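Residue-level structural notes
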Amino acid sequence: MPSKFQSLTISLDDRSKDMCPICKTDKYLSPNMNFLINPECYHKICESCVDRIFSLGPAPCPYASCGKILRKNRFKKQIFDDLRIEREIDIRKRVGSVYNKTEEDFDDLREFNKYLETIENIIFNLNYGIDAEETEADLVKYEQEHKLEILEKNMRQSQKNADLAAYQEAMERLKQEKLRIQKQMEVEDMEYQKQSQQDLLDKLTTGSASSTDEIIKQQQQNALKRSSLRRRELQQITNQLDQQFNKSNPLYKHAKELEENLKTPFTPFKGDRDLNKNYHLLPIPNDIDELMDIENHISDSYFDPYVNQLAKNKEYLGAGWRLQHVFEKALDEAFIGLGCFIEKEKATA
Amino acid sequence: MSVGTEIKREAEENVEQPEAKKKRISNDDLFRRSTQFEIWSYTQESLDKTKRAANAAGAKIATQKFNETFETIEKEQPEVFQTHNETLNKDKLLTLLSFEEEAKYLNYYTQNIIPIAKFFKMPTQVKLTAVSFFRKFYLSNSVMQYHPKNIMYTSVFLAAKSENYFISIDSFIKALKDTEAKDILDLEFIILQSLQFTLLVHHAFRPLYGFFLDFQAVLLHPSPLMYDVSVNTLGSLYDKAKTWLNDNVVLSEVAFLFTPPQIALAAMYEVDKRITDRYLKRKFLKEHHELDAIKEEDSGVKKEDSEVIEKIESTESVENGEDKKDGENETANEHKEKSTVESQREQYETLVRTIRKCIKIAKQVQTSSREEVKEIDRKCFYALNPKRLIEKQVKKVTKEATTS
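This one's a predicted model, so the numbers in the text were calculated from it and none came from an experiment.

**With respect to a nonpolar patch on the surface**
Residues and elements named next belong to chain A.
- On the surface, a nonpolar cluster with roughly 340 Å² of combined accessible area is contributed by I79, F80, I85 and I89.
- Of note, F80 is situated in the loop between β5 (76–77) and α4 (83–98).
- Here F80 falls in the partly exposed class, since its relative accessible area comes to 33%.

**Considerations on the packing of helix α4 (residues 44–76) of chain B against helix α8 (residues 124–140) of chain B**
Residue and element names in this part refer to chain B.
- Contact geometry for α4 and α8: axes closest at 6 Å, N-to-C directions at 65°. If you check the angle between α4 and α8, you find them roughly perpendicular. Contact residues: α4 offers L47, T50, K51 and A54, while α8 offers Y138, L139 and S140.
- Considered class by class, the residues forming the contact of α4 with α8 number 4 nonpolar, 2 polar and 1 charged.

**Points about helix α21 (residues 370–384) of chain B**
Residues and elements named next belong to chain B.
- The end-to-end C-alpha separation of α21 is 20 Å, in line with the 21 Å expected for 15 residues at 1.5 Å each.
- Of the residues making up α21, those classed as buried are V373, I376, C380, Y382, A383 and L384.
- Next to the buried residues of α21 lie α4, α7 (99–119) and α22 (386–403).

**Structural notes on the pattern of salt bridges**
Residue and element names in this part refer to chain A.
- Using the criterion set out here, one finds 37 salt bridges over all chains in the structure.
- A salt bridge links R180 to E177; its shortest N-O distance comes to 3.1 Å. With R180 and E177 both in helix α7 (residues 147–206) and 3 residues apart, the pair spans about one turn of that helix.
- Classification of R180 by relative accessible area gives partly exposed; the value is 45%.
- Put simply, K101, D105, E149, K153 and R156 are held in one network by salt bridges that share partners.

**Some words on α4(B)**
- If you check α4(B), its first and last C-alpha atoms are 48 Å apart, about what 33 residues at 1.5 Å a residue would give, namely 48 Å.
- Every buried residue of α4(B) is listed here: B:L47, B:A54, B:N55, B:G58, B:A59, B:A62, B:F66, B:T69, B:F70 and B:I73.

**A closer look at unusual backbone geometry**
- The phi dihedral of A:S65 is positive, around 70°, even though this residue is not glycine.
- In this fold, A:S65 is placed in the loop between β3 (59–60) and β4 (69–70).
- In this structure, B:F197 takes a positive phi of about 60° despite not being glycine.
- Mapping B:F197 onto the fold places it in the loop between α11 (181–194) and α12 (205–220).
- Judged by its relative accessible area of 48%, B:F197 falls in the partly exposed class.

**Observations regarding the confidence of the model for chain A**
All names here are of chain A.
- For chain A, per-residue confidence averages 82 on the pLDDT scale, and 87% of positions sit at 70 or higher.
- Within chain A, helix α1 (residues 2–6) has the poorest average pLDDT of any element, 46, and helix α5 (residues 109–128) the best, 91.
- A low-confidence stretch, residues 1–11 (pLDDT under 50), is modelled with 14 contacts involving residues beyond four sequence positions or located in other chains.

**What to know about the packing of aromatic side chains**
- Tallied over the entire structure, the rule returns 29 aromatic pairs over all chains.
- Between B:F120 and B:F172 the ring centres are 5.0 Å apart and the planes differ by 25°, which places this aromatic pair in the stacked class. Of the two residues, B:F120 sits in the loop between α7 and α8 while B:F172 sits in helix α10 (residues 169–174), which places them 52 residues apart along the sequence. Here B:F120 and B:F172 have matching classes, each one buried.
- Here the aromatic rings of B:F137 and B:Y138 are separated by 5.0 Å at their centres, their planes lie at 85°, and the arrangement is edge-to-face. As far as burial versus exposure is concerned, B:F137 and B:Y138 are alike and both buried.
- Here the aromatic cluster, defined as three or more aromatic residues joined through ring pairs, consists of A:Y99, A:F106, A:F112, A:Y115 and A:Y142.
- Stacked on the ring of A:F35, the Lys or Arg A:K44 has its end atom at 4.8 Å from the ring centre.
- Sitting over the ring of B:F37, A:K346 keeps its end group 4.8 Å from the ring centre.

**Re the nonpolar core**
Residue and element names in this part refer to chain B.
- Judged by nonpolar contacts, the single largest core of 114 residues is most densely connected at F211, F215 and L280.
- The element that contributes the greatest number of residues to this core is α12, accounting for 11 residues.
- Sequence-distant contacts of L280, defined by excluding residues within four places in its chain, comprise L265, Y269, L285, Y348, L351, V352 and I355.

**Things to note about the side chain of A:D304**
- The topology assignment puts A:D304 in the loop between α10 (288–292) and α11 (305–310).
- There is no salt bridge for the buried A:D304, and the closest opposite charge comes from B:K242, which lies 8.0 Å off by N-O distance.
- Once residues within four sequence positions are removed from consideration, A:D304 is found in contact with B:Y209 and B:F212.

**Description of the sheet that holds strand β1 (residues 35–37) of chain A**
All names here are of chain A.
- Strand order in the open sheet formed by 3 strands is β2-β1-β5, and the pairing between neighbours is antiparallel. What marks the edges here is a single partner per strand, and that holds for β2 (45–46) and β5.
- Pairing between β1 and β2: 2 bridges, direction antiparallel. Following the sheet pairing, L36 is matched in β2 by I45.

**Points about the packing of α4(B) against α7(B)**
Residue and element names in this part refer to chain B.
- Direction vectors running N to C along α4 and α7 enclose 100°, while the axes themselves pass 10 Å from each other. In terms of axis orientation, α4 runs roughly perpendicular to α7. On α7, the residues touching D48, K51, R52 and N55 of α4 are F99, E100 and E102.
- Here the contact of α4 with α7 is composed, by residue class, of 1 nonpolar, 1 polar and 5 charged.

**Description of the environment of B:T87**
Residue and element names in this part refer to chain B.
- Locating T87 in the fold gives a position in the loop between α5 (78–83) and α6 (90–93).
- Residues T87 and V394, spaced 307 residues apart in sequence, show a C-alpha to C-alpha distance of 9.0 Å.
- What T87 contacts, discounting residues up to four positions off in sequence, is K92, L93 and V397.

Conventions used here
Residues numbered from 1 in each chain as written. Chains lettered and ligands numbered in written order. Predicted model: local features only at pLDDT ≥ 70, side-chain atom pairs only at ≥ 80, totals over all residues. Heavy atoms only, no water. Patch = residues over 30% accessible without salt bridge, like charges linked within 9 Å, V, L, I, M, F, W, Y side chains within 5 Å. Areas by Shrake-Rupley, 256 points an atom, 1.4 Å probe, with all protein chains shown as cover. Salt bridge = Lys/Arg side-chain N within 4 Å of Asp/Glu carboxyl O. Helix = DSSP H or I, 4+ residues; strand = E, 2+ residues; numbered from the N terminus. Buried < 20%, exposed > 50% of the residue type's maximum accessible area, 1.4 Å probe, protein only. Axes fitted to C-alpha atoms, helices over the stretch in contact; angles between N-to-C directions. Parallel < 35°, antiparallel > 145°, perpendicular 65-115°, else oblique. Contact = heavy atoms within 4.5 Å. Nonpolar A, V, L, I, M, F, W, Y, C, P; charged D, E, K, R; others polar. Expected span 1.5 Å × (residues − 1). pLDDT = per-residue confidence, 0-100. Phe/Tyr/Trp six-rings, centres within 6.5 Å; stacked < 30°, edge-to-face > 60°. Lys NZ or Arg CZ within 6 Å of the ring centre and 35° of its normal. Core = buried A, V, L, I, M, F, W, Y, C linked by side-chain atoms within 4.5 Å. Lys, Arg positive; Asp, Glu negative; His and termini not counted. Pairing = 2+ DSSP bridges.

Written out as structure tokens, the structure reads:
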């Protein structure tokens with residue numbers, strides 16, 4: 001197997017990169033030409049050559065010194081410029097189709113990570129040709145032994161994908177439905193408006209001149225009432241639709257949980273900090289004016305001549321240093337761990 | 001992995017969350033998460049056990065080393081060893097440090113950190129961290145593996161770095177006699193490994209300052225609670241407590257056994273029991289404090305207080321297991337009181353008991369004099385360099401043989 005990959009490392013200069021080495025057609029002259037590769041040996045051959053050579057069945061690779069038997073149906077378009085990456089992706093696909101367990105198949109994360117590690121090892125070995133034959137044999141053996149399991153996992157996967165697709169489709173349908181209802185209502189509204197305008201005109205022509213203002217006012221009120229009613233109606237309908245949709249949707253429950261979770265902020269300790277402090281902070285001067293004249297403002301505050309003197313320092317003030325932070329931090333530290341009785345807690349542990 | 005599975009997995013993770021939502025994390029819980037609590041806090045027994053294990057492991061390594069050197073030297077000069085079988089004997093020559101000797105020896109070097117820190121004009125914080133690093137290192141290693149001299153220097157150097165008081169290695173070694181930069185830099189990583197890379201050490205001095213502030217808030221505001229306590233009394237109390245911490249706590253093992261605020265309170269309590277107790281009562285027996293104030297004004301010392309202290313003193317000597325029983329008796333006696341008051345009282349009593357214990361341990365500081373340590377130093381040298389010992393003996397024996 002290693003010999004197969006050695007040829008890959010041939011460096012191609014820019015000109016030969018765009019030229020089919022078999023028929024010497026140049027991309028420059030025929031811009032429509034495409035290159036294909038075969039995962040058997042990854043040699044680049046242009047489309048017309050593939051048609052020409054492999055249409056009649058399997059044939060050896062036209063590259064000199066290769067000679068691998070290639071089939072036409074295995075030829076594919078090259079996705080990555082670097083053939084090494086192309087090959088790794090192919091290997092990855094192949095191993096992934098055999099080792100297709102997911103995290104839910106394992107009891108704990110450790111086991112799953114171990115499984116992923118084995119997969120990576122196999123891919124690495126195949127890719128770099130380390131014990132390649134052995135690994136290949138192992139892979140085939142595993143595939144044979146776990147045939148049923150692999151099939152089952154595959155089916156589960158496709159089921160899930162189908163679920164998701166169905167969900168997306170239903171979502172789209174719902175959106176369309178909502179839009180349709182809204183449009184319909186708009187049309188109705190328009191008609192009603194025309195109708196009411198007509199009514200108004202009729203009334204104005206037949207009614208007495210003195211009640212004109214009143215009629216117009218009444219008309220406006222009616223319109224306002226109606227529009228708010230319509231709005232409520234629309235809201236109701238969309239809510240109904242949403243509910244209906246959610247009931248029939250398998251992913252709804254998860255989505256809801258997800259939403260709920262979003263409301264809880266992230267807390268590194270699996271819980272929120274207790275915001276009740278163990279101490280009551282005395283009033284601390286925080287105003288610039290107070291700080292500049294600190295001697296007259298600390299009678300109710302903490303007494304620490306050294307720190308209080310620093311509070312006046314303009315350099316400190318400019319950098320955001322505040323007396324309050326100093327005191328608060330010291331007090332916080334005084335009560336962190338006060339109630340931890342090591343002897344008791346470590347003895348029971 | 002497809003989007004579908006990802007959603008599912010996230011949902012699974014979410015299931016655990018709601019029950020934890022209501023939980024509140026107290027400051028104590030926060031401390032319980034620190035490495036200082038998780039790794040570096042011990043009970044008296046477990047601390048003793050750890051030290052003994054370190055000593056035993058060190059002895060084992062030293063013995064092994066000794067045996068190997070003995071055999072190689074014996075191979076080189078078999079005839080000498082045969083003729084002087086009695087003096088050149090494995091059991092007779094092997095020198096190891098006993099547990100007590102090692103403790104004494106380490107004490108001596110811990111003491112030495114203080115003048116070193118003073119020499120470099122390091123802040124107290126650095127000094128304490130250096131002591132902490134040094135002690136922690138010898139909880140998992142023995143002087144029979146690493147000689148304490150360079151470990152001490154490296155601890156100081158490392159502590160200076162970790163406490164943001166950087167000294168360059170060149171200026172550091174310039175001040176030390178016959179020590180090279182390599183000696184210190186090589187040990188740095190070994191020490192870090194033994195510390196399990198936990199460099200943050202919480203010391204009692206910061207909480208002490210916090211308590212100095214809170215004493216003011218509790219005892220002086222809005223109006224002074226005790227007629228003879230003013231800002232100046234508290235200031236001198238704070239200064240004395242600092243001195244006490246420097247004298248006692250730095251060299252004792254309380255840092256492994258108690259949390260920093262407890263040690264800080266212990267210092268306050270030792271310096272002025274009356275004021276500290278008043279503070280603790282007011283702080284932790286909240287419902288009581290008005291009552292206390294009246295009674296104290298009436299009779300000076302409250303009768304109940306002295307009872308409590310007596311009770312604490314008696315339980316101090318008793319095993320932990322009986323603490324609970326004691327508490328039950330108490331509840332039976334004082335059943336008329338509310339349970340909240342009881343739990344407050346229990347909390348207060350546990351705290352006072354802990355503080356008193358801390359003081360007791362801190363006072364047992366053992367200092368080792370230079371003379372005491374000299375002999376141990378010699379032994380330690382031979383334990384580390386068995387080759388020198390054996391060669392010296394061989395020389396001595398052969399010299400005797402030639403003269404006689």
